[in-house]
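Residue-level listing of the chains:
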Number of protein chains: 2
Amino acid sequence: MPHALHQDIRRLPLFSGIGEETFRDLMRAAYDQQMPPHVTVVSEGAPADFLHVVVEGMVELFASTNGRDATMAVVRPVSTFILAACVRDAPYLMSARTLQRSRLLLVPSVNVRAAVAADSRFALNAMQDLAGCYRGLVRHTKNLKLRNTRERIAAYLLRQSRLIGDAPGFTLPVEKRLIASYMGMTPENLSRAFKSLAADGCKIDGQRVIITDRARLEALAGLSLLLDGPDPDASAAGVSLPLPEAS
Amino acid sequence: MPHALHQDIRRLPLFSGIGEETFRDLMRAAYDQQMPPHVTVVSEGAPADFLHVVVEGMVELFASTNGRDATMAVVRPVSTFILAACVRDAPYLMSARTLQRSRLLLVPSVNVRAAVAADSRFALNAMQDLAGCYRGLVRHTKNLKLRNTRERIAAYLLRQSRLIGDAPGFTLPVEKRLIASYMGMTPENLSRAFKSLAADGCKIDGQRVIITDRARLEALAGLSLLLDGPDPDASAAGVSLPLPEAS
DNA sequence: GCGAGTGGTTGATATTTGTCAACCTTAAGT
DNA sequence: ACTTAAGGTTGACAAATATCAACCACTCGC
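Residues numbered from 1 in each chain as written. Chains lettered and ligands numbered in written order. Predicted model: local features only at pLDDT ≥ 70, side-chain atom pairs only at ≥ 80, totals over all residues. Heavy atoms only, no water.

Concerning the overall build of chain A
Threshold: Strands are runs of DSSP state E lasting at least two residues, helices are runs of H or I lasting at least four, and both sets are numbered from the N terminus onward. Think of it in three bands: residues with accessible area under 20% of the maximum for their type are buried, residues over 50% are exposed, and the middle band is partly exposed, with areas taken using a 1.4 Å probe on protein chains only. Only heavy atoms matter for contacts: two residues are in contact if any of them lie within 4.5 Å across the pair. Here, Shrake-Rupley sampling with a 1.4 Å probe gives the accessible areas, and only protein chains in the shown set may cover a residue. Positive charges are assigned to Lys and Arg, negative charges to Asp and Glu, while His and the chain termini are left out of the count. Here the site of a charge means atom NZ of a Lys, CZ of an Arg, CG of an Asp or CD of a Glu.
Secondary structure summary: chain A contains 9 helices and 12 strands in total. Along the three orthogonal principal directions, the C-alpha set of chain A runs to about 55 × 35 × 30 Å. Out of the 247 residues belonging to chain A, those deemed buried represent 57%. Contacts in chain A between residues far apart in sequence, at least 24 positions, make up 77% of those at least 6 positions apart. Entry remark: accessible area of chain A is about 9800 Å², with carbon and sulfur atoms responsible for 52%. With 29 positive and 25 negative side-chain charges, chain A shows a spacing of 4 Å between the two charge centroids.

Set out below in structure tokens:
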């Protein structure tokens, strides 16, 4: 595997500062896999045999029950997912499928568990990562329970804007159907809500978003928003959608 | 503080097996507080100065945005809450209020952070605890997104039953308004749903629940239930409601 | 024993959200 | 260039859920 890649992975908060030997052992045990698009790489309920690292492409984490299914997160390079199941040695609670041609690094869970036991810095990193994931999900759950669809959408767009430095314009990072599912609504509902937001300070045209009246949009989101900030728990990958692109 | 109490706390997964000295330092730094009912002990947005241990009584974790509020969990002795904010040195994402006269042990976050840094077993415990909390919340979120109110209730009741060993009869552990809010619905809606479940294998009379036709109730819950089991992530206190009492 | 407050239930009604079907647009494949 | 498939949008409609108001039952404090 190319050295540059290892560098990128090592720079992840989860791996940064851990023993050189720990890291090397993990990488050596890992499988490097190329996957075509639309392939299920993890099935919920299965034993968590691997920690996954997304190296190229894009992966959707989702959950399903008889028919229905819900997007839980979309993961882009370079980040890991399902650390929790891995350290708990418990079944996956989410499935994962590629959205594009992707490249994944599969690190056997046994090795991960050995590494947390052996390298206390790695354990601390894992702890921080999991705390961040947890907090990300707390925010998400609060969103689902405290806001209706329009408010959730407004809050989401404001958050996206803030994450790229309060730029008023940006591009949606993923397909709208994924955003809709992630936010617990139907695509139709999202579509209509997007349109109606024109009256509340935000214009959406295709993938392009322009916040025309931030104050108004914030009022709609039912702010008091420590709910989504001011601390983004940035490392909370694996429980959210990707960053948008400014423009 | 009585010795017996320390024993109970020490037996929590978070503290079990950690260095005697680590534990003693934490306990020595802690404040032992008696609180009357209906007192807010933690406000979301505030810096996370303390890890809280519920020693007696009952505490509700909740979140609120302009008017509305949502129950996130109910914590009973002996367990801890808001570990995540504490180790991240980040603001609380939830508020906490006593439901009854309660006794709390407040362990300063600085000491907790020092302890995880110094005692690698404690760090591993914290990691496991946070992984459990995360997984608990994942289940909860899946529930919210994939099931409607009746299904959520059916699933909840089945879960409660399973947690006490598949007893068909039990007593609801908390007030119905809390259950309703936790599950993201209004009390009125919960009340009606409870009544309607009589036709689907479950009878609710006041606090008493009797599952009369488990198979039928499971069918309604839209099972395939790895969703709530078979691994309860038991240590996931702080993200769920208390256990019911069998009867 | 009595009044007040809280939680719970019920009914009528409004709002929100989902469903279904049609259609449009775009990108990919032949 | 044509066809196909997928994502997205729109409208009409249905279902789920919330809201509001009244009422009941129970507990607590006097």
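Next comes the rest of the write-up.
Some remarks on the packing of aromatic side chains
In this description, an aromatic ring pair is defined by two values, namely the gap between the centres and the angle between the planes. Residues and elements named next belong to chain B. Spelled out, the test is: Here a pair means two rings of Phe, Tyr or Trp (six-membered ring of Trp) with centres within 6.5 Å. Their orientation is stacked below 30 degrees between planes, edge-to-face above 60, and tilted elsewhere.
Counted according to the given criterion, the structure contains 6 aromatic pairs over all chains. Ring plane angle 70° and centroid distance 5.7 Å describe the contact between phenylalanine 15 and phenylalanine 23, whose orientation is recorded as edge-to-face. The exposure classification of phenylalanine 15 matches that of phenylalanine 23, with both residues buried. Where tyrosine 31 meets phenylalanine 50, the ring centres are 5.9 Å apart and the plane angle is 85°; that geometry is what we call edge-to-face. Here tyrosine 31 is found in strand β1 (residues 31-35), whereas its partner phenylalanine 50 is found in strand β3 (residues 50-56), with 19 residues between them in sequence. The partly exposed category is assigned to phenylalanine 50, whose relative accessible area is 24%.

Things to note about the interface of chain A and chain B
Note the following rule: The term buried area means the drop in 1.4 Å probe accessible area that two parts suffer when joined, counted for both and summed. For salt bridges, the criterion is a side-chain nitrogen of Lys or Arg within 4 Å of an Asp or Glu carboxyl oxygen. Identification of polar contacts relies on pairs of N or O atoms within 3.5 Å, with a donor-acceptor requirement for protein atoms, meaning one able to donate a hydrogen and the other able to accept it, and with residues adjacent in sequence counted only if both atoms are side-chain atoms. Here the term charged refers only to Asp, Glu, Lys and Arg, the term nonpolar to Ala, Val, Leu, Ile, Met, Phe, Trp, Tyr, Cys and Pro, and the term polar to all other amino acids, Gly among them.
On the side of chain B, 58 residues touch chain A, which itself brings 58 residues to the contact. For the chain A and chain B pair, buried surface summed over both sides reaches about 4800 Å², with 67% attributable to carbon and sulfur atoms. We note a salt bridge from glutamate 44 of chain B to lysine 142 of chain A, for which the minimum N-O separation is 2.7 Å. On inspection of chain A and its partner chain B, the count reaches 21 residue pairs in polar contact (both at pLDDT 80 or more). Listed by contribution, the elements that provide at least two residues to the side of chain A that touches chain B are β4 (59-65), β5 (68-75), α3 (83-88), α4 (109-118), α5 (120-146) and α7 (176-182) of chain A. In terms of residue count, the dominant contributor to the side of chain A that touches chain B is α5 of chain A (21 residues). A class-by-class count of the residues in the side of chain A that touches chain B yields 29 nonpolar, 17 polar and 12 charged.

Considering the side chain of asparagine 125 of chain A
Residues and elements named next belong to chain A. Topologically, asparagine 125 is positioned in helix α5. Take asparagine 125: its relative accessible area is 8%, and that puts it in the buried class. Contact partners of asparagine 125, with chain neighbours within four places excluded, come to Pro13, Leu14, Phe15, Ser16 and Ile18.

Re the packing of helix α4 (residues 109-118) of chain B against helix α5 (residues 120-146) of chain B
All names here are of chain B. Here is the rule we go by: Every axis corresponds to a line fitted to the C-alpha atoms, with the helix fit spanning only the stretch in contact, and the corresponding angles, defined between N-to-C directions, vary from 0 to 180 degrees. Orientation categories follow fixed angle ranges, with anything under 35 degrees roughly parallel, anything over 145 roughly antiparallel, 65 to 115 roughly perpendicular, and all other angles oblique.
It is at 5 Å that the axes of α4 and α5 come closest, and there the two elements cross at 110°. Overall, the two elements α4 and α5 adopt an arrangement that is roughly perpendicular. For the pair formed by α4 and α5, the contact residues are Val112, Ala115, Val116 and Ala118 on the first element and Ser120, Phe122, Ala123 and Ala126 on the second.

A look at the sheet that holds strand β3 (residues 50-56) of chain A
Residues and elements named next belong to chain A. Under the convention used in this document: Between any two strands, at least two bridges found by DSSP are needed for them to pair.
On the basis of which strands lie adjacent, the open sheet formed by 4 strands has the order β1-β8-β3-β6 and antiparallel pairing. Only two strands of the sheet have a single neighbouring strand rather than two, namely β1 (31-35) and β6 (79-81). Taking the axes of each pair of neighbouring strands and ignoring which way they run, one obtains an average angle of 30° across the sheet. Bridge count between β3 and strand β8 (residues 102-108): 6 bridges; the pairing is antiparallel.

Describing the protein's contact with DNA strand C
Let me state the cut-off plainly: Think of it this way: one heavy atom of a residue within 4 Å of a molecule or strand is enough to make that residue near it.
The environment of DNA strand C is made up of 15 residues, and the closest members are Thr149 and Asn189 of chain A together with Lys176, Arg177 and Arg192 of chain B. For DNA strand C, the backbone makes up 68% of the atoms found within 4 Å of the protein, where backbone means sugar plus phosphate. Between DNA strand C and the protein, one listed contact pairs a phosphate oxygen with a backbone N or O atom of arginine 177 of chain B at 2.9 Å. Within the side chain of lysine 195 of chain B, a nitrogen or oxygen atom sits 3.3 Å from a phosphate oxygen of DNA strand C. Secondary-structure elements contributing two or more residues to the surface near DNA strand C are α8 (187-196) of chain A together with α7 (176-182) and α8 (187-196) of chain B. Considering every element that reaches the surface near DNA strand C, the biggest residue donor is α8 of chain B, with 4 residues. By residue class, the composition of the surface near DNA strand C is 1 nonpolar, 6 polar and 8 charged.

A few points about the relation of the copies chain A and chain B
Worth spelling out the cut-off: Only residues with pLDDT of at least 70 in both copies contribute their C-alpha atoms to the least-squares superposition of the copies.
Take chain A, turn it by 180°, move it 0.0 Å along the axis, and it overlays chain B with an RMSD of 0.0 Å. Expressed as an axis order, the relation between the two copies is that of a two-fold axis. Both copies share a contact surface, since 100% of the interface residues of chain A are interface residues in chain B too.

As for helix α6 (residues 149-163) of chain B
Residue and element names in this part refer to chain B. Just so we agree on the cut-off: Here a helix's expected span is defined as the number of its residues, less one, multiplied by 1.5 Å.
In a regular helix each residue adds 1.5 Å, so 15 residues correspond to 21 Å; α6 covers 21 Å between its end C-alpha atoms and thus fits that length. Three or more residues of α6 are buried, namely Glu151, Arg152, Ile153, Ala154, Ala155, Tyr156, Leu157, Leu158, Gln160 and Ser161. The N-terminus of α6 is capped by asparagine 148, whose side-chain oxygen sits 3.3 Å from the backbone nitrogen of arginine 150. Looking one or two places after α6, you find glycine 165, whose phi comes out positive at around 90°.

Overview of the pattern of salt bridges
Residues and elements named next belong to chain B. Taken as a whole, this structure holds 28 salt bridges over all chains when the rule is applied. Between aspartate 8 and arginine 11 there is a salt bridge; the shortest N-O distance is 3.2 Å. Residue class for aspartate 8 comes out partly exposed when judged on its relative accessible area of 34%. Overall, arginine 11 belongs to the exposed group, its relative accessible area being 58%. With its nearest N and O atoms 3.3 Å apart, the salt bridge here joins arginine 103 to glutamate 56.

Focus: the protein's contact with DNA strand D
By nearness alone, 15 residues border DNA strand D, and Lys176, Arg177 and Arg192 of chain A together with Thr149 and Asn189 of chain B come closest of all. A distance of 2.7 Å separates a phosphate oxygen of DNA strand D from a polar atom in the side chain of lysine 176 of chain A. Between DNA strand D and threonine 149 of chain B there is a distance of 2.7 Å, counted from a phosphate oxygen to a side-chain nitrogen or oxygen. Of all the secondary structure elements, the ones that give two or more residues to the surface near DNA strand D are α7 and α8 of chain A together with α8 of chain B. Ranked by residues supplied to the surface near DNA strand D, first place goes to α8 of chain A with 4 residues.

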